[in-house]
Amino acid sequence: MIEVKLLPVTASGAHAAHLDVGAADGTTSVYIGGLGLASTVSFAPVIGHPAIAGRGRHVLVDLVGSGWSDHDDSFAYPIEEHAAVVATVIDALEIRWSRSSGTHSVDQS
């Protein structure tokens, strides 16, 4: 069974939701949901596409305040803090190299 996991990522203990699927020994791709969006929903069709499914590891990260992640009144929500959240998830999952993709509200910031 595939399940969304929660990882504490802020000083106040808010959790970021992430989904980690695929082979850990393959190329890792990290997908970052947009502001207010759930990467676990937005990118599911991408990682399920026949050209991608079954190839490598796919980590889908919901930003704090978005998707299945916690909302946090003490979190200021600038792009730098969101980047720190994604870095915390990547470090916790021991990802040393990855390619990444974000939705329009993230990858253009």
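Parameters at a glance
Residues numbered from 1 in each chain as written. Predicted model: local features only at pLDDT ≥ 70, side-chain atom pairs only at ≥ 80, totals over all residues. Heavy atoms only, no water. Helix = DSSP H or I, 4+ residues; strand = E, 2+ residues; numbered from the N terminus. Buried < 20%, exposed > 50% of the residue type's maximum accessible area, 1.4 Å probe, protein only. Pairing = 2+ DSSP bridges. Core = buried A, V, L, I, M, F, W, Y, C linked by side-chain atoms within 4.5 Å. Contact = heavy atoms within 4.5 Å. Salt bridge = Lys/Arg side-chain N within 4 Å of Asp/Glu carboxyl O.

Trainee: Help me understand the environment of glycine 65, please; the structure alone is not making it clear to me.
Mentor: One can find glycine 65 in the loop between strand 4 (57-61) and helix 3 (79-92). Residue glycine 65 is classed as buried on the basis of its relative accessible area, which comes to 17%. A C-alpha to C-alpha distance of 13 Å links glycine 65 and glycine 13, two positions 52 residues apart in sequence.

Trainee: Looking at this structure, I do not really get the pairing of strand 2 (residues 15-22). What am I missing?
Mentor: Two faces, one strand: in a regular strand the side chains alternate between the faces of the sheet. The sheet contact formed by strand 1 (residues 5-8) and strand 2 spans four bridges and is antiparallel. Each bridged residue has a counterpart across the sheet, and for leucine 6 the counterpart in strand 2 is alanine 17. Linkage of strand 1 to strand 2, two consecutive antiparallel strands, is achieved through a turn of six residues, within which glycine 13 is found at a positive phi near 95°.

Trainee: Got a minute to help me understand the nonpolar core in this structure?
Mentor: The nonpolar side chains of a soluble globular protein tend to be buried with one another. Membership of the largest hydrophobic core comes to 16 residues, with the highest contact counts inside it found for Val9, Val30 and Val89. Where this core is concerned, the elements lending two or more residues are strand 3 (28-32), strand 4 and helix 3. It is helix 3 that contributes the most residues to this core, four residues altogether. Here valine 30 is in contact with Val59, Val61, Ile90, Ile95, Ser98, Arg99, Ser100 and Ser101, once residues within four sequence places are set aside. Grouped together as the second largest cluster of nonpolar side chains are six residues, Leu19, Val21, Tyr31 and Ile47 included.

Trainee: Teacher, can you tell me more about the pattern of salt bridges here?
Mentor: A side chain of one charge can pair with a side chain of the opposite charge when the charged atoms of the two come close. What the rule picks out here adds up to one salt bridge. For aspartate 20, the salt bridge identified is with arginine 57, shortest N-O distance 2.7 Å. In this pair, aspartate 20 is assigned in strand 2 and arginine 57 in strand 4, connecting sequence segments 37 residues apart. Relative accessible area serves as the criterion here: at 32%, aspartate 20 is assigned to the partly exposed category.

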